[in-house]
Amino acid sequence: MKPLLNNDEFPKLPALDDTTKMNKLTTLTDCLRLNEETVRKVQQIFEEEMRLGLAKNPSRQSSLLMANTYIPELPDGSEDGYFMALDLGGTHCRVIMVHLNKANKEEPLVKYFDVPQNVRLGPGVKLFDFLAKCVYDFMKANDILSKSLPIGFTFSFPMLQKALNEGILVTWTKSFNSPGVVGQDPVKMLKEAIKRREDIDVDVVAILNDTTGTLIQGAYLDHHCTIGMILGTGSNACYVERADRIEKWEENHAGVKEVIIDVEWGAFGDNGVLDFIRTDYDRQVDANSLLVGSFTFEKYFSGKYMGELARVILAHLTHQGILFEGKGSKKLFTKDSFTTSLISHIEGDQMEPVNTRAILEEFDLLMNTSDDDIKIIRYIVHLITVRAAKLVSACLSCLLNRQTRSETTVAVDGSLYKFHPRLHELLVKYTSELVPNKKFKLMLTEDGSGKGAGLVAAIATRLMRYNKQIFTDSRG
Ligand code: GLC
C-alpha cells in the first residue's frame, strides 16, 4: 500500500484475531491520522503564519518568530583561515576549530562536553561560565591558548537578533530552563564570562541557530542549498528569503538582497491555530514536559518527544486492555523511559520483529506479549511516523514554495532524520505531492552547527570589513 497523501488507509490497520480489539484500536488511534485535506489545511495555515510573522503590523500575532539572522550571504568558497565554533543546544556542547581553505581536506578539531542538568536548569551566569570554561579547556588541550580567534556561537534556541552578533533569547526550549537568560543577549553573557576568566582571547563574531549552521554548511557543499532543517531533539528550519519581503525589518539594510530567516517552527500553533490536530496523547506529552504549553508543534514529533508520545499511547492502550493483557510494566508507565531511538529500531524491523521483541524484553513486557501486541506496537510507531512526515512536509513545502531558484537542496541534520529508517522517503513523497512543481532534494548535512558555525564566523569576519550595518559594535 502506497504512502500517498490521499491514501487514508496508510498505514494499514493490522489484521488481528480479535475484531472487537481492532475496532477499539481504530477508535483510540484514528485521531493520529491526518487526511489529505487536513495536511493541506496545515500547509495553508503555516503559509499564513509565515506571512504574519514577516509583517510589520500583523493583524494578529503569528506563532512563528520568523527571526532575521542577519546573514545576508552564503559561503562563496573563498573562506580562508582558522575559525572556532561553540555549539550549545542539547545535553552536550561542543567546541570546534575549523581550518577553512580551498582544499578543505582537514577534519575539524572537536571536543565534546556534557552539560549537566544542574547547569541546564541553574543560573544563567553559571551556564555561561561553564561555556567559557569549555572554550578554555578546548584551547588548552589543543595548545592554542596564545591565539586570538574569531568564534561563531551556535545557540539553538529561539532568538530575536538585532545584529549578526547580538540576540535576545525569547524562551528556553528542549531541556534548558536556566533563569536569568530569557530577555538577555547570549553573546554579551558569553563575552562577559570570557572576560571574567582573563585567560582566553576569542572574539564572538556571530551568533546563529543550528538550522542556520546547517544551511550554511549545505550551501558550502551544494550551491542549490537555500533551506536548512533540523529533525533532532528539537525541530526547526531556516531559509533564504528576499529582503524586500521582510516588512518588519525596519533597520537600514540598503544593498542587502536576501537574508536567512529562522522560522522557529517548533512553536507553530502555540497561538492555538493548530488545535484541531491536537490529540489527548499530545496534551499528555506536553503536560509531562519541562516547558509546558510551549513549542507544541515540536512536541508532535521531534526527538525529545516522539518516544514519549509512543509510550503515552502504548500505556493508554494497555490501560484499555488492548495491549499486554492489560498489565504493562513499571518501565512502560515511567515518563520518558521510551526514547525516540527505539522508534527507529522498531521501524528498522523487517519481516521478523527482532528489534521490537528486544525492546519489549528490556521493558519487562515480553512475557505478556502476544503476536497481536507486536502488530499493534508496530502499527502505532508507523502511525506517528507518518503523522510526523506529513506535518514536516506541510511546512517544508511552504519554504520550497518561496524559493525562486529552479531547484533547491534542503540541508538536513538531526538524529531523528539520520537514524529513522523511513522518514526521509516519506518526507520526499509527501513534500513532492504538496509542491509538485518544485524540484528539490533532501541532503543529509552533518555538522552544520560545527563546521557551518565556523563558516558563519568566516562570513562575519569578511562582512565586518565592509558591511557594518549587520553588526553591533560591542567587541571586547
Ligand atoms: C528548538 C529550538 C530551535 C532549534 C531546534 C533544533 O526548536 O527552539 O532554535 O533550531 O530546537 O535544535
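Below is a summary of the structure that appears in this document. Values in this document were obtained by computation on a predicted structure and should not be read as measured data. (Residues numbered from 1 in each chain as written. Predicted model: local features only at pLDDT ≥ 70, side-chain atom pairs only at ≥ 80, totals over all residues. Heavy atoms only, no water.)

1. Some thoughts on the overall build of the protein chain
Turning to step 1, where the next piece is worked out: Scanning the protein chain for helices and strands turns up 15 helices and 13 strands.
Turning to step 2, where the next piece is worked out: In summary, the protein chain has a C-alpha radius of gyration of 23 Å against a globular reference of 23 Å for 476 residues, a match within 12%.
Turning to step 3, where the next piece is worked out: Overall, the C-alpha framework of the protein chain stretches about 70 × 45 × 45 Å when taken along its three principal axes.
Turning to step 4, where the next piece is worked out: By the burial criterion, 60% of the 476 residues in the protein chain qualify as buried.
Turning to step 5, where the next piece is worked out: Across the protein chain, contacts joining residues at least 24 apart in sequence account for 73% of those joining residues at least 6 apart.
Turning to step 6, where the next piece is worked out: Of the accessible surface of the protein chain, which amounts to about 19,600 Å², a share of 49% is contributed by carbon and sulfur atoms.
Turning to step 7, where the next piece is worked out: Side chains of the protein chain carry 57 positive and 63 negative charges; the gap between the two charge centres is 2 Å. (Helix = DSSP H or I, 4+ residues; strand = E, 2+ residues; numbered from the N terminus. Rg over C-alpha atoms; globule rule 2.2 N^0.38 Å. Buried < 20%, exposed > 50% of the residue type's maximum accessible area, 1.4 Å probe, protein only. Contact = heavy atoms within 4.5 Å. Areas by Shrake-Rupley, 256 points an atom, 1.4 Å probe, with all protein chains shown as cover. Lys, Arg positive; Asp, Glu negative; His and termini not counted. Charge placed at Lys NZ, Arg CZ, Asp CG, Glu CD.)

2. Brief notes about unusual backbone geometry
Turning to step 1, where the next piece is worked out: Pro 11 follows Phe 10 through a cis peptide bond whose omega is -5°.
Turning to step 2, where the next piece is worked out: For Asp 364, which is not a glycine, the phi torsion comes out positive at approximately 55°.
Turning to step 3, where the next piece is worked out: Within the element layout of this structure, Asp 364 appears in the loop between α11 (354-362) and α12 (371-401).
Turning to step 4, where the next piece is worked out: Notably, Asp 447 is not glycine yet its phi reads approximately 65°, a positive angle.
Turning to step 5, where the next piece is worked out: As for its placement among the helices and strands, Asp 447 is situated in the loop between β13 (439-444) and α15 (448-464).

3. Regarding the layout of surface pockets
Turning to step 1, where the next piece is worked out: One number sums up the size of the largest pocket: a volume of about 1,200 Å³.
Turning to step 2, where the next piece is worked out: Forming the walls of the largest pocket are 46 residues, and the residues nearest its centre are Gly 90, Gly 232, Thr 233, Gly 234 and Ser 415.
Turning to step 3, where the next piece is worked out: Residue assignment for the lining of the largest pocket shows that the elements contributing at least two residues are β2 (81-88), β3 (92-100), α6 (210-221), β10 (235-242), α9 (306-319), α10 (340-348), α13 (415-419) and α15.
Turning to step 4, where the next piece is worked out: With four residues, the top contributor of residues to the lining of the largest pocket is α13.
Turning to step 5, where the next piece is worked out: When its residues are assigned to classes, the lining of the largest pocket shows nine nonpolar, 24 polar and 13 charged. (1 Å grid on protein atoms, 1.4 Å probe; cavity = no way out; pocket = protein on both sides within 12 Å on 5 of 7 lines; lining within 4 Å. Points joined across faces, edges and corners; volume = space filled by probe spheres on them. Nonpolar A, V, L, I, M, F, W, Y, C, P; charged D, E, K, R; others polar.)

4. Quick look at the packing of aromatic side chains
Turning to step 1, where the next piece is worked out: Enumeration according to the criterion identifies 13 aromatic pairs in this entry.
Turning to step 2, where the next piece is worked out: On the numbers, 5.7 Å between centres and 75° between planes, the contact of Tyr 70 with Trp 249 is edge-to-face. On the criterion of sequence distance, the pair formed by Tyr 70 in the loop between β1 (67-68) and β2 and Trp 249 in the loop between β10 and β11 (258-262) is long-range, its members being 179 residues apart.
Turning to step 3, where the next piece is worked out: You can call Trp 249 buried: its relative accessible area is 7%.
Turning to step 4, where the next piece is worked out: Relative to Phe 297, the ring of Phe 268 lies with its centre 5.1 Å away and its plane at 65°, an arrangement referred to as edge-to-face. Of this pair, Phe 268 sits in the loop between β11 and α7 (280-287) while Phe 297 sits in helix α8 (residues 296-299), and the two are 29 residues apart along the sequence.
Turning to step 5, where the next piece is worked out: Given the relative accessible area of 0%, Phe 297 is considered buried.
Turning to step 6, where the next piece is worked out: Site record: aromatic cluster; members linked through ring pairs are Phe 46, Trp 265, Phe 268, Phe 297, Tyr 300 and Phe 301. (Phe/Tyr/Trp six-rings, centres within 6.5 Å; stacked < 30°, edge-to-face > 60°.)

5. Looking at the site of the ligand
Turning to step 1, where the next piece is worked out: Near the ligand there are 14 residues, and of these Lys 174, Asn 209, Asp 210, Glu 264 and Glu 298 occur at the shortest range.
Turning to step 2, where the next piece is worked out: Asn 209 is positioned such that a nitrogen or oxygen atom in its side chain is 2.7 Å from an oxygen atom of the ligand.
Turning to step 3, where the next piece is worked out: Between the ligand and the protein, one listed contact pairs an oxygen atom with a side-chain N or O atom of Glu 264 at 2.6 Å.
Turning to step 4, where the next piece is worked out: For the ligand, the cavity whose grid points lie within 2 Å of the majority of its atoms is the largest pocket.
Turning to step 5, where the next piece is worked out: Its residues placed into classes, the shell around the ligand shows four nonpolar, six polar and four charged. (Near = heavy atom within 4 Å. Polar contact = N/O pair within 3.5 Å; in protein donor to acceptor, adjacent residues only side chain to side chain. Sits in = over half its atoms within 2 Å of the grid points.)

6. Structural notes on α10
Turning to step 1, where the next piece is worked out: Here α10 has its buried residues at Thr 340, Leu 342, Ile 343, Ser 344, Ile 346 and Glu 347.
Turning to step 2, where the next piece is worked out: The inward-facing, buried residues of α10 contact α9, α11, α12 and α13.

7. Description of the pairing of strand β5 (residues 148-155)
Turning to step 1, where the next piece is worked out: Along β5, seven of the eight residues are buried, which leaves the element largely enclosed by surrounding structure.
Turning to step 2, where the next piece is worked out: In the sheet, β2 pairs with β5 via five bridges, with the strands oriented parallel. The residue of β5 that forms the bridge with Leu 88 is Phe 155.
Turning to step 3, where the next piece is worked out: In terms of strand pairing, β5 meets strand β8 (residues 201-208) through seven bridges, oriented parallel. Bridge assignment links Gly 152 to a residue of β8, and that residue is Ala 206. (Pairing = 2+ DSSP bridges.)

8. Description of the nonpolar core
Turning to step 1, where the next piece is worked out: The biggest cluster of nonpolar side chains holds 117 residues, and the ones touching the most others in it are Phe 46, Met 229 and Trp 265.
Turning to step 2, where the next piece is worked out: No other element matches α12, which puts 19 residues into this core.
Turning to step 3, where the next piece is worked out: Sequence-distant contacts of Trp 265, defined by excluding residues within four places in its chain, comprise Phe 46, Leu 64, Met 229, Ser 235, Asn 236, Ala 237, Phe 297, Phe 301, Val 392, Cys 395, Leu 396 and Leu 399.
Turning to step 4, where the next piece is worked out: Grouped together as the second largest cluster of nonpolar side chains are 40 residues, Val 95, Val 115, Trp 172 and Phe 176 included. (Core = buried A, V, L, I, M, F, W, Y, C linked by side-chain atoms within 4.5 Å.)

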